[in-house]
Amino acid sequence: MADWSAREIRKSAYLAIGFQAMVAVLLALLSYMLWGELTAKSLLKGGLVAVVPNLVFAYLAFRHLASDGVERAKALLLGGHTIKIILTIVLCALVLSQPSLQPGAFIAGFVITLLAQWTAPFFFKL
């Protein structure tokens, strides 16, 4: 693995999350033009449910590097991942309990935004 500084790692993580957010917004704008406001809002909510926990994880997990202590870095990664999963579940429950939501569009927005995270390295040098 390359010898990256903490700043470069954080920048790379935030760049990938920014790409996810951009995909979610563009998807919502396109769906607004094609299918209307409710579908666009549902897709955007799905995208945000994918982006917000990733942002929290990146903030918590990449505050320190392994060079600051392997056990500390391991604990931060594990804690960040746990909070990310819990936050994703809570946000999904909150959004899915809303009466004005298209569940299919919500799930599509969530999945497409998550897939965008996997494709970000193809578009950026991460």
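Visitor: Is there a simple way to think about the side chain of Lys-84 in this case?
Guide: Mapped onto the elements of the fold, Lys-84 is located in helix H3 (residues 70–96). Residue Lys-84 is classed as buried on the basis of its relative accessible area of 17%. In terms of polar contacts, Lys-84 uses its side chain to reach the side chain of Asn-54, at 2.7 Å. Leaving out residues up to four positions away in the same chain, Lys-84 has contacts with Pro-53, Asn-54 and Phe-57.

Visitor: Looking at this structure, I do not really get the packing of helix H2 (residues 37–61) against helix H4 (residues 103–123). What am I missing?
Guide: Helix-helix packing: each pair is described by the crossing angle between the helix axes and the interaxial distance. Put simply, H2 and H4 touch, their axes get as near as 7 Å, and they point 40° apart. One element, H2, and the other, H4, form an angle in the oblique class. In terms of crossing hand, the pair formed by H2 and H4 is right-handed. Every residue of H4 that contacts H2 at Thr-39, Ser-42, Leu-43, Lys-45, Gly-46, Gly-47, Val-49, Ala-50, Val-51 and Asn-54 is listed here: Ala-105, Phe-106, Ala-108, Gly-109, Phe-110, Thr-113, Leu-114 and Gln-117. The residue makeup of the contact of H2 with H4, split by class, is nine nonpolar, eight polar and one charged.

Visitor: Would you take a moment to explain the packing of aromatic side chains for this structure?
Guide: The geometry of an aromatic ring pair comes down to the distance between the two centres and the angle between the two planes. Counting across every chain of the model gives zero aromatic pairs. Over the face of the ring belonging to Phe-57 we find Lys-84, whose NZ or CZ atom lies 5.5 Å from the ring centre.

Visitor: In this structure, what is going on with the nonpolar core? I would like to understand it.
Guide: Here is a general trend for soluble globular proteins: nonpolar side chains tend to be buried in one another's company. Of all hydrophobic cores here, the largest spans eight residues; its members are Val-49, Ala-50, Leu-91, Cys-92, Val-95, Leu-101, Phe-106 and Phe-110. Listing elements by their share of this core, those giving two or more residues are H2, H3 and H4. Residue contributions to this core peak at three residues, all from H3. Those residues within four positions of Val-49 in sequence are excluded, and the remaining contacts are Thr-88, Leu-91, Cys-92, Val-95, Phe-106 and Phe-110. Formed by five residues, the second largest nonpolar core is a distinct cluster that contains Ala-16, Val-23, Ala-116 and Ala-120.

Each value, and the rule that gives it
Residues numbered from 1 in each chain as written. Predicted model: local features only at pLDDT ≥ 70, side-chain atom pairs only at ≥ 80, totals over all residues. Heavy atoms only, no water. Helix = DSSP H or I, 4+ residues; strand = E, 2+ residues; numbered from the N terminus. Buried < 20%, exposed > 50% of the residue type's maximum accessible area, 1.4 Å probe, protein only. Polar contact = N/O pair within 3.5 Å; in protein donor to acceptor, adjacent residues only side chain to side chain. Contact = heavy atoms within 4.5 Å. Axes fitted to C-alpha atoms, helices over the stretch in contact; angles between N-to-C directions. Parallel < 35°, antiparallel > 145°, perpendicular 65-115°, else oblique. Left-handed = near helix turned anticlockwise from the far one by under 90°. Nonpolar A, V, L, I, M, F, W, Y, C, P; charged D, E, K, R; others polar. Phe/Tyr/Trp six-rings, centres within 6.5 Å; stacked < 30°, edge-to-face > 60°. Lys NZ or Arg CZ within 6 Å of the ring centre and 35° of its normal. Core = buried A, V, L, I, M, F, W, Y, C linked by side-chain atoms within 4.5 Å.

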